[in-house]
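The lines below spell out each chain.
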Amino acid sequence: MPIKQVGPLGQHGINKDLQPQELADNVWTDGANVRFRDGALERMKGEQKIFDTPAVTPYFLQPYYTNTTQYVIHAGLAAVYADTYTGGSPSRTNITPTSAPTGAVDDRWTGGVLNGVLVLNNGKDAPWYWDRGAPNKLVPLPNWPTGWVAKSIRPFKNVLVAVGITKSGVSYPHLVAWSNAAAPGNVPDSWDATDLTKLAGDLDLAEDPGLMLDQLVMGDVNVLYKQNSMYAMRATGGTDVFRFQRLPGKTGMLAIGCVADTPLGHVVLTNGDVVLHSGQGTNSIINGIDRKFLFKTIDSTNRSRSFLVANPAASEVWVCFPELGKAACTKALVWNWTDKTWSIRTLDNVTYGAAGQLADAATKTWAEQNYAWSDATFAWDENELSQAQERLLLCSAAPLVVAADVTGTRNGAAYTSYAERTGLTFGDPDLVKGARGLRVRVEASKGTKIQIELGGAMNTEQAVSYGAPFQYTVGTTENNQVDLFAKYKFLAVRITSLDNQPWRITSYGIDLQPAGRY
């Protein structure tokens, strides 16, 4: 056999659905902390602490902007803080309301920004808003009906919409209620659906027996999610104010926060799938990563702590979930909506994520960088993203708030990135193949170190065995040649990071020689 070229290595991503021997040569069968985009396999960047260490475990993040300041709001169970950068230094304001929140871990925070006003809701207490005036604390949302609580409150156009409502201890699981329209810079003055001088109203969407969970705006429509169905909420411009339409299919949402907005539509984690829809029917997008992997790995007790978040800079949605026996999210399945590839990211007990703008000072201090000066792939004072571009922000039980995809470590700690392909047959599963080395095409800074292993198995039931690893050093390894040997029917290749440097691999060539049928 001649040298067999394998690539582009980022075309398909990871596929845990089919048997390895049934896959194309450039499909990966496992990996962690790598992504597949622009035709290449690349190491995911790490995470960098922003602001001071939180005084409480944060369970919610909400970017919030004024004309002069970029805030990141983080909320614990009984306290809420507003972080920002003033004069290049982190600054924190305690905005906890006088009557502190009383929710538990599974009382999920919701909210958003209505007409420039921050609104927060924890599903346990009456909602609050923040106008940044004295005493600079969250205050109860005025005109909110006495005795009401809601699972989800979010802005839509110039009203607030509430779902999953309980009135004085009595649950109304199918009810959606909306406020009167609010003037710019103000909150609604009424939720009274009986006042015909106001636009406030409510409606039971009880056609489907599932419970109402959450909502997210999609363009000009607010999509309401129940456990097994979805409804579109559209403004009519008439006396009915809003029109409601059940969307096609029997697809709903797993838990509050399990939806993310993308240019292609909403990505939703359901009770047994990950789907994409734009209001015209859903399409499963998880086939390549194997939905069985997700739903047999997710912790059944704490599955409601899962969430979805967009990483706009990388055109990704992260499906974050707690693995078996874990109380917070320890893994994310990552979908790239441009390249349509799936990858896997390990997480450090993440509790929530959000996309938002971040002050330049938060990620540019030299002390926080993890690359050697001589090996840095950026110019000093260069910022990969502008301040106007949204970054992925994560909070964790550490407690910690970090910006993702900005350094080579996780807040100073090294992490491993790897990609593995097993079951390589090169078109003939019955032929024993002798592999005499690889020639790898790597894009990285000089001195970057990558470990490459070659191995295999003689049948599909046998565990993969690897030989001694080869350390590939960019700029030093002669002719990009990896001198390894393996002799199997089903070959395997594994690539692992050995330092904190970023790298991309576009393809590799493998020197094959037939060695008979036995």
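The present account deals with the structure reproduced in this document.

## Looking at the sheet that holds strand β7 (residues 70-75)
One key point about sheets: their strands pair by backbone hydrogen bonds, in either a parallel or an antiparallel sense. Judged by pairing direction, the sheet is antiparallel, and its four strands sit side by side in the order β6-β7-β8-β9 without closing on themselves. A strand with exactly one partner marks an edge of an open sheet, and here the two such strands are β6 (60-65) and β9 (89-94). On average, each strand axis in the sheet is inclined to that of its neighbour by 25°, with strand direction left out of account.

## Side note on the sheet that holds strand β19 (residues 221-226)
The strand order across the open sheet formed by four strands is β18-β19-β20-β21, and the pairing between neighbours is antiparallel. Either end of the sheet is taken by a strand with one partner, and the two such strands are β18 (212-218) and β21 (242-246). Neighbour-to-neighbour, the strand axes of the sheet open up by a mean angle of 25°, direction not taken into account. As judged from the five bridges shared by strand β20 (residues 230-235) and β21, these two strands associate in the antiparallel manner. Paired with Arg234 across the two strands is Arg243, which belongs to β21.

## Comments concerning the side chain of Thr29
Along the chain, the position of Thr29 falls in the loop between β1 (3-6) and β2 (30-32). Take Thr29: its relative accessible area is 10%, and that puts it in the buried class. Here the side chain of Thr29 touches Thr422 through a polar contact of 3.2 Å, landing on its backbone nitrogen. The residues touching Thr29, leaving out its near neighbours within four places in the chain, are Ile14, Asn15, Lys16, Pro20, Leu23, Glu420, Arg421 and Thr422.

## Some words on the pairing of β9
The pairing of strand β8 (residues 80-86) with β9 spans six bridges and is antiparallel. Opposite Ala82, over in β9, you have Thr93 as the bridge partner. Between β8 and β9, which follow one another and run antiparallel, lie two residues, and Gly87 among them has a positive phi close to 65°.

Parameters at a glance
- Residues numbered from 1 in each chain as written.
- Predicted model: local features only at pLDDT ≥ 70, side-chain atom pairs only at ≥ 80, totals over all residues.
- Heavy atoms only, no water.
- Pairing = 2+ DSSP bridges.
- Helix = DSSP H or I, 4+ residues; strand = E, 2+ residues; numbered from the N terminus.
- Axes fitted to C-alpha atoms, helices over the stretch in contact; angles between N-to-C directions.
- Buried < 20%, exposed > 50% of the residue type's maximum accessible area, 1.4 Å probe, protein only.
- Polar contact = N/O pair within 3.5 Å; in protein donor to acceptor, adjacent residues only side chain to side chain.
- Contact = heavy atoms within 4.5 Å.

Geometric descriptors of this kind do not, in isolation, establish any biological role.
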